[in-house]
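Architecture and fold: a report
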Amino acid sequence: MRFLLIEDNEQLAEAVVDRLILDGHVVDHAPDLQTARDFTATTAYDLILLDIMLPDGDGRTFLAQHRKQEESTPVIVLTARSEVADRVGLLDLGADDYMVKPIDFSELEARCRAVMRRRGGAAQNLLTLGNLHFDSLSGTLKLPDQDIQLRTRELRLFEVLANAPGQVFSKSTLVDRLFSYDEDVTENAIEVYIGRLRRHLETSTVKITTIRGLGYKLEVA
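Residues numbered from 1 in each chain as written. Predicted model: local features only at pLDDT ≥ 70, side-chain atom pairs only at ≥ 80, totals over all residues. Heavy atoms only, no water.

Notes on the pairing of strand β6 (residues 75-79)
Consecutive residues of a regular strand have side chains that alternate between opposite faces of the sheet. Most of β6 is tucked away, with 5 of its 5 residues classed as buried. A two-sided burial pattern is seen for β6, the buried positions comprising V75, V77 and T79 on one face and I76 and L78 on the other. Bridge count between strand β3 (residues 47-51) and β6: 4 bridges; the pairing is parallel. Looking at β6, one finds that L49 is bridged to I76. The pairing of β6 with strand β7 (residues 97-100) spans 4 bridges and is parallel. Opposite T79, over in β7, you have V100 as the bridge partner. (Buried < 20%, exposed > 50% of the residue type's maximum accessible area, 1.4 Å probe, protein only. Helix = DSSP H or I, 4+ residues; strand = E, 2+ residues; numbered from the N terminus. Pairing = 2+ DSSP bridges.)

Right, here's the structure in full:
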């Protein structure tokens, strides 16, 4: 998944980015609101982590504008304010969740997973597709004859496809979802990971179909 972190504290931002990358996510860091607007104008994000007090404005303004534009990207607010009225105000503005600083990274990861599950309409980490059960927390494909532990990139790619069965994703879109701006990769990398997933899915009723000239989609028989 691709996340956007809007946070001006460089030390905290570096720690959050490093932790989420270890979890297999792609994270872009914006130290101010203008950089965040530049990023969101060109890139689609799965989740935004938003600080409130920023050098060029109030994060609440960004949140209000984000929702006014009918953007559905989930937003978790990172705030130093613990008063009930502040938290209620953030939720009313359209925040999906919030965390009070200092941040516990294990809790942050859990809240990110919970928000992403809600966005996908799931109440738990286990997703059933035909005769396949996908545990996104452990990164495991549970098949009738075996359990397969996915590697990080395989896991994130399968998450993208499995959360939208039947939707066609172009190679460029998948590159954007799986790799950061700093990583020098080509669309051929997507072919490699698609090939690995197909081998994992050989005994399942789930398949990844190539739509010539357009991309890939996941189908359930």
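Quick word on the sheet that holds strand β2 (residues 26-30)
Judged by pairing direction, the sheet is parallel, and its 5 strands sit side by side in the order β2-β1-β3-β6-β7 without closing on themselves. Looking at the sheet topology across the chains shown, the edges are occupied by β2 and β7. Strand-to-strand, the axes of this sheet are offset by a mean angle of 20°, without reference to chain direction. Examined bridge by bridge, strand β1 (residues 2-6) and β3 share 4 bridges and lie parallel to one another. Note that in β3 the partner of L5 across the bridge is L49. Relative to β3, helix α3 (residues 59-68) is tilted by about 150°, and along the sheet it contacts β1, β3 and β6. (Axes fitted to C-alpha atoms, helices over the stretch in contact; angles between N-to-C directions. Contact = heavy atoms within 4.5 Å.)

A closer look at the layout of surface pockets
Summary: where empty space remains is shown by rolling a probe the size of a single water molecule over the atoms. Here the second largest pocket defines a volume of roughly 330 Å³. Along the wall of the second largest pocket there are 18 residues; nearest its centre are T40, T43, H66, E71 and T73. Mapped onto the lining of the second largest pocket, the elements with two or more residues apiece are α2 (33-42), α3 and α7 (171-178). Split by residue class, the lining of the second largest pocket holds 4 nonpolar, 8 polar and 6 charged. (1 Å grid on protein atoms, 1.4 Å probe; cavity = no way out; pocket = protein on both sides within 12 Å on 5 of 7 lines; lining within 4 Å. Points joined across faces, edges and corners; volume = space filled by probe spheres on them. Nonpolar A, V, L, I, M, F, W, Y, C, P; charged D, E, K, R; others polar.)

Considerations on the packing of α2 against α3
For the pair α2 and α3, the least separation of the axes is 11 Å and the interaxial angle reads 25°. Here α2 is positioned roughly parallel relative to α3, judged by the angle of their axes. Pair α2 / α3 crosses with right-handed handedness. On α3, the residues touching L33, A36, R37 and T40 of α2 are G59, F62 and Q65. (Parallel < 35°, antiparallel > 145°, perpendicular 65-115°, else oblique. Left-handed = near helix turned anticlockwise from the far one by under 90°.)

Any functional reading would require information beyond the geometric quantities listed.
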